[in-house]
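# Remarks on the overall topology
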Amino acid sequence: MDRKSRRYLLTLGEAETFHSHLGRLQHDQLIGSSVGGWYRTDRGHVLLAVRPTLGDYVRQMPRGPQIIYQKDLGNIVSFADIFPGATVIEGGLGSGALTSALLRAVGREGRVITYEIDESVLPKAMRNIHRVIPDTPNLEVKIGNIYDGIEERDVDRVVLDVPEPWQAVGTIADALVMGGVMLSFLPTVLQVHRLVGALDQDGRYQMVESMETLLRTWHVTERSVRPIIEWWPTAAF
């Protein structure tokens, strides 16, 4: 990160060089050195080197389908109560951002089983996931339509990022343990309305809640405090 808070995501390699308008910086200067140190380019500019967070990587990861951003990832993990050791069914692999967050939350003792209808998204999504979590023996990706049903039973949590989640309401209720949680991430309130109607009609879902999340960042200095104009998609659950 430079003095103007611009961020540059890179993978370090021996004998490689980082190039930018600020100059060149040899990767060897960083490898084996302290995280959080300041490093000087050949043009005299200084850069702060830190390990990227999951949120940092999500904002810059190669896109396939739409990314779920970090402001929503945290809420999904929290409101769905994803806990270490949980068995979680995910509907929609996408670009792998949500899958990565779920894997980190369930830990090594938990499982994430993802249903994805479009096999072509797998290579890019798996590369994204493995850059965050290199070893994923507890992840299983199934090519199939979650609307058609899921094989698993006694599932702790179900998290959906699919356009018509109401089509899966019945089969998800069959799969969840008593007291389990189903969370659906949706971009429009019309979709939320239709999903809630299907949940009510099914009759096996209780404590149905709908919410929207918003995030606004602020620029704070000694003489000025103002919101930063930065576009984030709103999210409905």
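Residues numbered from 1 in each chain as written. Predicted model: local features only at pLDDT ≥ 70, side-chain atom pairs only at ≥ 80, totals over all residues. Heavy atoms only, no water.

As annotated in an unreviewed UniProt entry, the chain is tRNA (adenine(58)-N(1))-methyltransferase from Geodia barretti. Quoted verbatim from the Catalytic activity (unreviewed entry) heading of the UniProt record, the comment on the chain is "an adenosine in mRNA + S-adenosyl-L-methionine = an N(1)-methyladenosine in mRNA + S-adenosyl-L-homocysteine + H(+)". (UniProt positions renumbered as here; feature names shortened; annotations may be inferred.)

## Concerning the UniProt feature "binding site: S-adenosyl-L-methionine" (unreviewed entry) in the chain
According to UniProt, the "binding site: S-adenosyl-L-methionine" (unreviewed entry) feature falls on Ser-95, Gly-96, Ala-97, Leu-98, Glu-116 and Asp-161. On the basis of their most widely separated C-alpha atoms, the annotated residues across 67 residues gather in one place, lying no more than 14.0 Å apart. Lining the largest cavity, from the residues named above, are Ser-95, Gly-96, Ala-97, Leu-98 and Asp-161. You can see Ala-97 is positioned in helix 3 (residues 97–106). Residue Ala-97 is classed as buried on the basis of its relative accessible area of 3%. Residue contacts for Ala-97: discarding those within four places in its chain leaves Val-58, Met-61, Ile-67, Ile-68 and Leu-73. Looking at the secondary structure, you find Leu-98 in helix 3. Contacts of Leu-98, omitting those with residues within four sequence positions, involve Ile-68, Leu-73, Ile-76, Glu-90 and Val-159. (1 Å grid on protein atoms, 1.4 Å probe; cavity = no way out; pocket = protein on both sides within 12 Å on 5 of 7 lines; lining within 4 Å. Helix = DSSP H or I, 4+ residues; strand = E, 2+ residues; numbered from the N terminus. Buried < 20%, exposed > 50% of the residue type's maximum accessible area, 1.4 Å probe, protein only. Contact = heavy atoms within 4.5 Å.)

## Focus: the layout of surface pockets
The computed volume of the largest pocket comes to approximately 940 Å³. Lining the largest pocket are 32 residues, and of these Leu-9, Leu-10, Val-50, Arg-51 and Pro-52 lie nearest its centre. Secondary-structure elements contributing two or more residues to the lining of the largest pocket are strand 2 (23–26), strand 4 (46–49), helix 1 (54–60) and helix 4 (122–132). At 4 residues, helix 1 tops the list of elements feeding residues into the lining of the largest pocket. Classifying every residue of the lining of the largest pocket gives 19 nonpolar, 8 polar and 5 charged. One number sums up the size of the second largest pocket: a volume of about 740 Å³. Considering the residues around the second largest pocket, the lining is formed by 24 residues, among which Gly-180, Val-181, Met-182, Gln-206 and Met-207 are closest to the centre. (Points joined across faces, edges and corners; volume = space filled by probe spheres on them. Nonpolar A, V, L, I, M, F, W, Y, C, P; charged D, E, K, R; others polar.)

## Things to note about the sheet that holds strand 7 (residues 139–143)
Spatial ordering of the open sheet is given by 7-6-5-8-9, a layout of 5 strands whose pairing is parallel. Lying at the two open borders of the sheet, with one neighbouring strand each, are strand 7 and strand 9 (176–184). Averaged over all pairs of adjacent strands, the angle between strand axes in this sheet comes to 20 degrees, irrespective of strand direction. Here 4 bridges tie strand 5 (residues 87–91) to strand 8 (residues 155–160), and the two strands are oriented parallel to one another. Looking across to strand 8, one finds that Gly-91 is bridged to Leu-160. Against the sheet, helix 3 engages strand 5, strand 6 (111–116), strand 7 and strand 8, with an angle of about 160 degrees to strand 6. (Pairing = 2+ DSSP bridges. Axes fitted to C-alpha atoms, helices over the stretch in contact; angles between N-to-C directions.)

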